[in-house]
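# Chain and residue survey
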Amino acid sequence: MRVYLDDERRAPTGWQQVRRPQEAIELLKTGAVRELSLGNDARGTGIEVLRWIQEAVSTCDFDPPVIDVHTVNPAARNRLTNGIRTIQLMTECCCGAD
């Protein structure tokens, strides 16, 4: 499943639209999400999801999907990209991924 989190934009064809962070997190919990695209708004939509993924990865029980960022806000893009980098480092360090 490909999940597109954005509270304003429509998901591209082939992506599951979610509007709120908790919706994305519930889908991630199923283990069926293979790609995740994050937007951002004043409430920190994408950041909340990344925090959940970081917590899940820290237990080494969660294999994160491929994560991309589609926000056009430069500051938000930077925060999200840094969060994704942290998850990648955690996965490599904690779980022994190559």
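Since this is a predicted model, take the numbers as computed values, not measurements.

## What to know about the sheet that holds strand β2 (residues 16-18)
- One open sheet accounts for four strands, arranged β2-β1-β3-β4; its pairing is parallel. Unpaired on one side and paired on the other, β2 and β4 (66-69) mark the two borders of the sheet. Between one strand axis and the next, the sheet turns through 20° on average, direction left out of account.
- In the sheet, strand β1 (residues 2-5) pairs with strand β3 (residues 35-38) via four bridges, with the strands oriented parallel. Within the sheet, the bridge partner assigned to V3 lies in β3 and is L36.
- Against the sheet, helix α2 (residues 45-58) engages β1, β3 and β4, with an angle of about 140° to β3.

## Regarding the nonpolar core
- By size, the foremost hydrophobic cluster in this structure holds 21 residues, and its most contacted members are L28, L36, L38, V49, L50, I53 and I67.
- Elements with a minimum of two residues in this core: β1, α1 (21-29), β3, α2, β4 and α3 (74-95).
- Per-element accounting of this core gives the leading share, six residues, to α2.
- Excluding residues that lie within four positions of it along the chain, V49 makes contacts with L5, P21, A24, I25, L28, L36 and L38.

## Quick word on α2
- The terminal C-alpha atoms of α2 lie 21 Å apart, and with 14 residues this matches the ideal 20 Å at 1.5 Å per residue to within 8%.
- Along α2, the residues that are buried comprise T45, G46, I47, V49, L50, I53, A56 and V57.
- In the segment just after α2, C60 is the residue with positive phi, at about 65°.

## Concerning the side chain of T71
- Considering the arrangement of structural elements, one finds T71 in the loop between β4 and α3.
- Residue T71 is classed as buried on the basis of its relative accessible area of 2%.
- Among the polar contacts made by the side chain of T71, one reaches the main-chain amide nitrogen of N73 at a distance of 3.3 Å.
- Dropping the residues within four chain positions of it, T71 is found in contact with R9, L38, G39, N40, A76, R77 and L80.

Conventions used here
Residues numbered from 1 in each chain as written. Predicted model: local features only at pLDDT ≥ 70, side-chain atom pairs only at ≥ 80, totals over all residues. Heavy atoms only, no water. Pairing = 2+ DSSP bridges. Helix = DSSP H or I, 4+ residues; strand = E, 2+ residues; numbered from the N terminus. Axes fitted to C-alpha atoms, helices over the stretch in contact; angles between N-to-C directions. Contact = heavy atoms within 4.5 Å. Core = buried A, V, L, I, M, F, W, Y, C linked by side-chain atoms within 4.5 Å. Buried < 20%, exposed > 50% of the residue type's maximum accessible area, 1.4 Å probe, protein only. Expected span 1.5 Å × (residues − 1). Polar contact = N/O pair within 3.5 Å; in protein donor to acceptor, adjacent residues only side chain to side chain.

Structural measurements only, silent on function.
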